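Chain by chain, the residues:
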Amino acid sequence: MSTKTIGKQKPSRAEYASLQTQFSRYDRTTFSGFVYDRADLGRRYTVELLVDGEPYMSSLCDEFVTELAAAGIGDGRFGFTFSVQDEVGGSAAIIEARLANIGGAVGAPIRCDVAAPDAQWHRICEIKWAGGLRFEGWLAQDLAEDIEILIAQRPVMTVKPTGWTNVARGGEFGVGRRIDVHLPEHFADGRVRGLSARTVSGRSLISEPVAFVAFERGLEQTIAELGRWDSERLRGQLFDQLLPASVPFHTYRSWKERFAPTAMESDAPSEAAVVLIGEARVDESIESLEAQRHAAWSAVCLPTRGFSRFDPGAAREFIDGDAANGTFFVFCLSGTILAEDALHRFAEVLASEPGCDLVYGDVEIAAGAGAVWPLAFPAFDLERALEQGYGAYCFAVRRERAVAALRSATSLYDIFLSCAERERTCHLPGSVAALPGIDAPAATVELVAASEAYFARDGVEAHVEPRPAGLLPAVRVKRAVDWNERTTIIIPTRNRAELLKRCIETVLPAAHETNARILVVDNGSSEPDALDYLEGLSDDDIDVISVDGPFNFAAINNAAVDCVDTENICFLRTWSQARYRWVRMQTPANPDHWAAIAQAGA
């Protein structure tokens, strides 16, 4: 049997005389360029990346190149980008690009031992649809221009990038100017459109329009209002969940009117007893009570000392007098303007949820010039309640719990923390009231006292100290630590030995001092220096386990927790660096928290 070598005929030099190429290095791991034929702008080439002469990867040249499009060269889609692994970019000597199956050089080879110059072109902007009429993205930080937003190539608005955001570039991250766009409401009409963007000087920013579709009340409600295709409502609901709509703060009032909470109907008789704490703007609170849908209510105004301290004796007189028939109590500051359905919604929750003793709702605060901002609270979190008192500004409590709390409670925060229990506290979504102005420094003093009283009732040794107040008060809770309990510090890793080494070196002194265990979780490291370092960790009494699969921080930590038997757990990233005595400061010794999640200062 004989074999025969068949040669490949190379195209003549003249055939590709009109070919224009460029190849440049953006950073250590990112290489980019373009290829186009002046004689045939409709043709797309495939480029092959070679590392030290060996083929590494290939790419079709169809990325948008702003400079080419601005010069009128076809549609500008002649670019390519290669992102190599970190170790490749760091160890290679020569990286070059060639036309696949042709062999012609693309630009000049790049010596990796020479510092990378600024690329002649690279991505300068990215915009993605975030659902509804909202778009998010970034603009290269060296472009100090406003952005013009176009729909169907027609300008509709100009936006100014604000803030900063991470931008992925190869295996590393850079910084870009943050873009956050919300289109006018009339585009939420169910029509599919495309959004384009350019600088105010006319420079195109994205390669092709970003397609989007939005509905005024969401797809599910749109289908329901059409009165047909009921079988598609579930699909519409899924669409709304996957791509939720959002609104800017200045449209909050109209959004609130369109999406008013749906109240449940109940025949259960109930009377609300409203306790207004303080004497400022009482008339406004009374007016909001007189507009309530819930007809049965009584109210009292309790004089205060400080922010919300009151005489519990006066509250008990109200309980035994005008509020003798009250089935639940609502506590709030005087000057609070209750939503017209607030009492009704509180009553419905307490009637439908027999296991619930306390209900708190979302609130609104004045933002100036007649505007309001919503404060949407999460489900009940005791730790957050102790440090922020966030649900205490307008809440309802069953009579029995309120009467018991008022035997000793002396402030709004004190009542809330006295009545709140994890399993018997409910969050009512949707605003129930607009708050008056809050003296945050004065409120912080009372929150400290209320949190200290809570721990005293539970027999827990803890220190509560004030934190700098913002819009609302805040405190910091430090529980006494039982140093007989051990802590495991879990550190997931993959390669990047230098990061892991620096992290462990800073954590190790505190770990030795507190007898903490360090558990490194390796997720498929392959670099020789990383494997050598992991193997040597046993000399420092550091345990290493392996977890296979894609790098998923949560999944890796969950797998590691199954291997831990200590009372406390601390999760760290490899880029963390611990300050001295860091573990001693972070350990909460909170028996209600099975894990202490912490991030060291970088």
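The structure we're discussing is the one just above.
Residues numbered from 1 in each chain as written. Predicted model: local features only at pLDDT ≥ 70, side-chain atom pairs only at ≥ 80, totals over all residues. Heavy atoms only, no water.

Looking at this structure, I do not really get the sheet that holds strand S29 (residues 487-493). What am I missing?
Read across the open sheet, the four strands follow the order S31-S30-S29-S32; overall the sheet is parallel. A strand with exactly one partner marks an edge of an open sheet, and here the two such strands are strand S31 (543-546) and strand S32 (568-571). Averaged over all pairs of adjacent strands, the angle between strand axes in this sheet comes to 25 degrees, irrespective of strand direction. Where strand S30 (residues 517-522) and S31 come together, four bridges link them in parallel fashion. By the bridge assignment, aspartate 522 is partnered in S31 with serine 546. Lying on the sheet, helix H15 (residues 553-561) is in contact with S29, S30, S31 and S32; it crosses S29 at an angle near 140 degrees. (Pairing = 2+ DSSP bridges. Helix = DSSP H or I, 4+ residues; strand = E, 2+ residues; numbered from the N terminus. Axes fitted to C-alpha atoms, helices over the stretch in contact; angles between N-to-C directions. Contact = heavy atoms within 4.5 Å.)

I would appreciate a short explanation of the packing of helix H11 (residues 412-419) against helix H12 (residues 440-458) in the present structure.
Helix packing for two helices is described by the angle between their axes and how far apart those axes are. Contact pair H11 / H12: the axes reach a minimum separation of 8 Å and the direction vectors enclose 30 degrees. Relative to H12, H11 is oriented roughly parallel. Read as a crossing pair, H11 and H12 show a hand that is right-handed. Residues Tyr413, Asp414, Leu417 and Ser418 of H11 form the contact with H12, whose own contacting residues are Ala443, Glu446, Leu447, Ala450, Ser451, Ala453, Tyr454 and Arg457. Residues belonging to the contact of H11 with H12 are distributed by class as follows: seven nonpolar, two polar and three charged. (Parallel < 35°, antiparallel > 145°, perpendicular 65-115°, else oblique. Left-handed = near helix turned anticlockwise from the far one by under 90°. Nonpolar A, V, L, I, M, F, W, Y, C, P; charged D, E, K, R; others polar.)

What is the right way to read the pattern of salt bridges from this model?
Pairing is possible between side chains that carry opposite charge, provided their charged atoms lie close to one another. If you walk through the whole model with that rule in mind, you get 20 salt bridges. In this structure, the salt-bridge partner of glutamate 136 is arginine 178, at a minimum N-O distance of 3.7 Å. With glutamate 136 in strand S10 (residues 134-140) and arginine 178 in strand S14 (residues 172-182), this residue pair connects regions lying 42 residues apart in the sequence. On the accessibility criterion, arginine 178 (29% relative accessible area) is partly exposed. The partner of arginine 401 in a salt bridge is glutamate 421, with the nearest N and O atoms 3.3 Å apart. (Salt bridge = Lys/Arg side-chain N within 4 Å of Asp/Glu carboxyl O. Buried < 20%, exposed > 50% of the residue type's maximum accessible area, 1.4 Å probe, protein only.)

Before we go on, may I ask you to explain the nonpolar core in this structure?
One recurring pattern in soluble globular proteins is that nonpolar side chains are buried together. Among the nonpolar cores identified, the biggest contains 75 residues, and Phe329, Phe331, Phe346, Phe395, Ile415 and Phe416 are the most heavily contacted of them. Beyond its immediate chain neighbours, meaning those up to four positions away, phenylalanine 346 contacts Phe328, Val330, Val359, Gly361, Cys394, Phe395, Ala396, Leu428 and Val432. If you look at the next biggest cluster of nonpolar residues, it comprises 24 residues, including Ile124, Val159, Leu205 and Val210. (Core = buried A, V, L, I, M, F, W, Y, C linked by side-chain atoms within 4.5 Å.)

Looking at this structure, how should I read helix H6 (residues 282-290)?
For the α-helix, the turn length of 3.6 residues means that residues three or four positions removed from each other point alike. Within the span of H6, buried status applies to Val282, Ser285, Ser288 and Leu289. Within H6, the buried residues cover an arc of 125 degrees as seen down the axis, which keeps them to one side. For H6, the exposed residues lying more than 90 degrees away from the buried face are Asp283, Glu287 and Glu290. Lining the buried residues of H6 we find strand S17 (272-277), strand S18 (297-302), strand S21 (328-333), strand S22 (337-338) and helix H8 (342-352). (Arc of directions from axis to C-beta.)

I'm lost on the side chain of aspartate 357 in this one. Help?
Checked against the element boundaries, aspartate 357 lands in the loop between H8 and strand S23 (358-368). Aspartate 357 gets classed as buried once you look at its relative accessible area, which sits at 8%. A distance of 2.7 Å separates a polar atom in the side chain of aspartate 357 from a polar atom in the side chain of arginine 424. (Polar contact = N/O pair within 3.5 Å; in protein donor to acceptor, adjacent residues only side chain to side chain.)

Teacher, can you tell me more about the pairing of strand S4 (residues 54-60) here?
Look at any regular strand and the pattern is simple: side chains alternate between the two faces of the sheet. Note that strand S3 (residues 46-51) and S4 share six bridges and pair antiparallel. For valine 47, the partnering residue across the bridge sits in S4 and is serine 59. The turn joining S3 and S4, which pair antiparallel and follow one another in sequence, is formed by two residues; a positive phi near 50 degrees is taken by aspartate 52.

What is the right way to look at the packing of aromatic side chains in this model?
Each aromatic ring pair is specified by the distance between its two centres and by the angle formed by the two planes. Per the stated rule, a full pass over the model turns up 19 aromatic pairs. Summarising the aromatic geometry, the rings of tyrosine 360 and tyrosine 390 are spaced 5.6 Å apart at their centres and angled 85 degrees between planes, so their arrangement reads as edge-to-face. On the criterion of sequence distance, the pair formed by tyrosine 360 in strand S23 and tyrosine 390 in the loop between helix H9 (382-388) and strand S25 (394-398) is long-range, its members being 30 residues apart. For the residue pair tyrosine 360 and tyrosine 390, the accessibility class agrees, reading buried in each case. For the ring pair phenylalanine 377 and tyrosine 390, a centre distance of 5.4 Å and an interplane angle of 55 degrees mean the geometry is tilted. Of this pair, phenylalanine 377 sits in the loop between strand S24 (371-375) and H9 while tyrosine 390 sits in the loop between H9 and S25, and the two are 13 residues apart along the sequence. Accessibility assignment for this pair places phenylalanine 377 and tyrosine 390 in one class, buried. Here the aromatic residues Phe318, Phe329, Phe331, Tyr360, Phe377, Phe380, Tyr390, Phe395 and Phe416 are joined through ring pairs into a cluster of three or more. A cation sits over an aromatic face here: arginine 573 above phenylalanine 553, 3.6 Å from the ring centre. (Phe/Tyr/Trp six-rings, centres within 6.5 Å; stacked < 30°, edge-to-face > 60°. Lys NZ or Arg CZ within 6 Å of the ring centre and 35° of its normal.)

When you look at the sheet that holds strand S7 (residues 94-99) in this model, what are you seeing that I'm missing?
Where strands meet in a sheet, backbone hydrogen bonds hold them as pairs that are either parallel or antiparallel. Read from one edge of the open sheet, four strands run S4-S3-S7-S8, paired in antiparallel fashion. In the strand order of this sheet, the two ends are held by S4 and strand S8 (105-111), each with one partner. For this sheet, the mean inter-axis angle between neighbouring strands, taken without regard to orientation, is 20 degrees. In this sheet, S8 lies alongside S7 in antiparallel orientation, the contact comprising four bridges.

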